[in-house]
Amino acid sequence: MNTTTFSRNAILDSVRANQPATKPMPTIPHFHTSTPANLVATFCESIARMAGVVVAEDVPDLDSFLRAKFPDAKVTCSATPEYAGTIQPASLNHWSEASTIDVCILRSPMGVAETGSILLSNVELQVNTIAFLAHDLVVLLDPKQIVENIHDAYEHPHFKMRPYSVLMTGPSGSGDISGTVVHPAQGVKTLTVLLSPASSAGKRTG
Amino acid sequence: MSQPITSSPVDQAKNAEAFLADPVHEERLDKLLWAMRMRRDAAARQVPEWEELRTLASEIKEHTLSNLSDYLIQFEAKATANGVIVHWARDAHEHNQIVYDLLAEQKTETLVKSKSMLTEECELRPFLERRGIRVTETDLGERIQQLDDQPPGHIVGPAIHKTTHDVALLFSQKYGSDPKNEDVAYLAGVMRENTRPDFLQATAGMTGANFVVAETGAIVVATNEGNADLSANTPPLHICSVGIEKIIPTTESLAVFIRLLARSATGDTITQYTSTFRGPRKGAAMHVILVDNGRSERLGMQRFWHSLKCIRCAACMNTCPVYRRSGGLSYGSTYMGPIGIIMMPTFEIRKYSKLPFASTLNGSCSNVCPVKIDVHEQIYGWREVMEENDQIQIVKKEAMRVADKVLSHPSLYQIATATVSTALELLPHFAIYNRLNAWGKHRDVPEGNMETFHSWHRTHRPNKLDEVS
């Protein structure tokens, strides 16, 4: 018997000997509001509180939009077929190479109105570090994919299927010095969400 | 337990004197943490089902802890099926050795890690550094404390007791930055510039976990900085250390805790990054170390096992008048404030025998706890344990004896309460703030009511006095 097996059995024996009498698991409601909430408006308010930026109006020309917003960007990594970019995640040899990315653009499969979060997993990211080591992150989100609250969000199959999923809410930040919240901390400097119907997928160029 | 059982008791009140000697830090910390408590209240008010969520969170934790062995086995099976290698550590030393062996196996020189109170509890960093491994803490507050060679002073904001002036000086000494530039954004930028190369070069990353989901074999980490995601995703090896009490049954139940955690901690609705790791990416490895270190033993303590429900939000610290005015370092322990008071004696009873007295028992800690731990009742329970074990210092024992005697005799109680307001008005400062009254030190004793209930009653309800006496 190796050490970890010995320790495993010792811990489990001790837990069994000490755990209190079984208590029931409660039923968890979804706590939906009784009247249909305006999910898009709530999402926009929520993400703004976390220093994220939402572009709610239609952006007909993504390439012009990105050039205007990030005029100094040289390396634009696109993880969505809706935009070409200068590189794709597959062209990165090591995950640390994502630090060379100026702007990263991809599509999220879900937004959360309660918190202003967007969901990303290893499927959308392809290289998980692109959403953290890049300077700026641009996320396309279909407004129809916005759910009401965190209870709804954790029903997304990503959380049971994907090796890595993240609810991202605004750019990285820290309040560790003097309680003053500043952006960025270690991750992206800005997060911009474009409310963009998924039906237009594949029509964009760049 | 890793600590020697002969340690002398930590004297929180005495340690607090060093912090209180500088009124700038004391006043600042008090205001800052109280503002966090206010933000927590505002966030809670925005959620109509807040109290229902607290009850659910408490019930889910109690269910899980009362079926802990089954959930641990379920997690192990699921995680293993996902490609995660699961380890078990009975104590701090076993934990540290497992981490070191994993790092040594692939000749790791630099480890990037995100904040984990468990690794503080296990004293992992000095263990690895003695064996030649460079450890970079990537949480801003934790890194500040590492550079200053201090333990965390708060479990959410490790350096929250430091001013921008303190950090500017520290960074100028360690990183060569401008000591006069106290702009917080500048200082965070200094940290980012200096940490980024470590992220890119490190061959191993480490995180803790806020929650472990048995149903999916997932670990869940909440940060604002993105440093846990970078620590776990950039190097080819991810090690996650987690206490066995962090398990919850399902992803569905995770939602309840995510809704409570950030709101309780900082008043935000969620942390910027709430990340779920279920398995390694292609070509990389993921290890989870399940650590007991006294937890299973605490599970058997009828009065105290509820402290295992803790989700480390620090709301109890932010609201505690003693914590806010004495700073986290004064507790001399890994976990501080009200939750520290009820957890630390389970690690080493003599060393932390005085901590249960660093409380006013006002109950505010229990009221804000998102998982409804009866914190102040447990603090009182630990006082009783210390009494039984004769761990109480003489002066407090005497004070309690007098209180006990007075409270059990109505006539003496009436005399005593009538005397308090007179005493506060007439007695010179030194008589109240003497060395026998530990709580008078550095604290203004609140003004007593000029009229006691009994004297009010005599005036207003003269014929009913006997009924209340």
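Residues numbered from 1 in each chain as written. Chains lettered and ligands numbered in written order. Predicted model: local features only at pLDDT ≥ 70, side-chain atom pairs only at ≥ 80, totals over all residues.

S.K.: Tell me about the pairing of strand E6 (residues 136-141) of chain A, residues and numbers included.
M.R.: Residues and elements named next belong to chain A. Counting buried positions along E6 gives 6 out of 6 residues, so the element sits mostly inside the fold. With burial as the criterion, each face of E6 is covered, one bearing Asp-136, Val-138 and Leu-140 and the other bearing Leu-137, Val-139 and Leu-141. Direction of pairing for strand E3 (residues 103-108) relative to E6: parallel, over a ladder of 6 bridges. Bridging across to E6, Ser-108 finds its partner in Leu-141. Pairing of E6 with strand E9 (residues 190-195) involves 6 bridges; the strand directions are parallel. Bridging across to E9, Leu-140 finds its partner in Leu-194. (Buried ≥ 20, exposed ≤ 12 C-beta atoms within 10 Å, placed from the backbone. Helix = DSSP H or I, 4+ residues; strand = E, 2+ residues; numbered from the N terminus. Pairing = 2+ DSSP bridges.)

S.K.: For the sheet that holds strand E4 (residues 111-112) of chain A, give the residues involved together with the corresponding values.
M.R.: Spatially, E7(A)-E4(A)-E5(A)-E8(A)-E9(B)-E6(B)-E5(B)-E8(B) is the arrangement adopted by the 8 strands of the open sheet, whose pairing is mixed. Of all strands in the sheet, those bounded by a partner on one side alone are strand E7 (146-147) of chain A together with strand E8 (247-248) of chain B. Relative to strand E8 (residues 164-168) of chain A, strand E5 (residues 117-121) of chain A is paired through 4 bridges, and the arrangement is antiparallel. The partner of A:Leu120 across the bridge, within E8(A), is A:Val166. Relative to the sheet, helix H12 (residues 251-265) of chain B contacts strand E5 (211-213), strand E6 (218-223), E8 and strand E9 (273-277) of chain B, its axis offset from that of E5(B) by approximately 170°. (Contact = placed C-beta atoms within 7 Å. Axes fitted to C-alpha atoms, helices over the stretch in contact; angles between N-to-C directions.)

S.K.: For the nonpolar core, give the residues involved together with the corresponding values.
M.R.: With 158 residues, the main nonpolar core has A:Cys104, A:Ile130, A:Ala131, A:Ala134, B:Ile219, B:Phe257 and B:Cys316 as its most contacted residues. In terms of residue count, the dominant contributor to this core is H12(B) (9 residues). Those residues in contact with A:Ala134 that lie beyond four places of it in its chain are A:Cys77, A:Ala98, A:Ile101, A:Asp102, A:Val103, A:Cys104 and A:Val188. (Core = buried A, V, L, I, M, F, W, Y, C linked by C-beta atoms within 7 Å.)

S.K.: Can you lay out helix H8 (residues 140-147) of chain B for me, pointing to particular residues and giving the numbers?
M.R.: All names here are of chain B. The element H8 is extensively covered by neighbouring structure, given that 6 of its 8 residues are classed as buried. Residues of H8 that are buried include every one of Leu-140, Gly-141, Glu-142, Arg-143, Ile-144 and Gln-145, and no others. Packing partners of the buried residues in H8 comprise strand E3 (134-137), helix H9 (164-175) and helix H10 (184-201). Note on H8: the residue one or two positions beyond its end, Asp-149, has a positive phi of about 55°.

S.K.: Quick one: what's the story with the pairing of E5(A), residue by residue and with numbers?
M.R.: Residue and element names in this part refer to chain A. With respect to burial, E5 is a largely interior element, 5 of its 5 residues being buried. Residues of E5 alternate between two faces, with Ser-117, Leu-119 and Ser-121 on one and Ile-118 and Leu-120 on the opposite face, all of them buried. The sheet contact formed by E4 and E5 spans 2 bridges and is antiparallel. Residue pairing across strands places Val-112 opposite Ser-117, the latter belonging to E5. What sits between E4 and E5 in their antiparallel hairpin is a turn of 4 residues, with Gly-116 showing a positive phi close to 75°.

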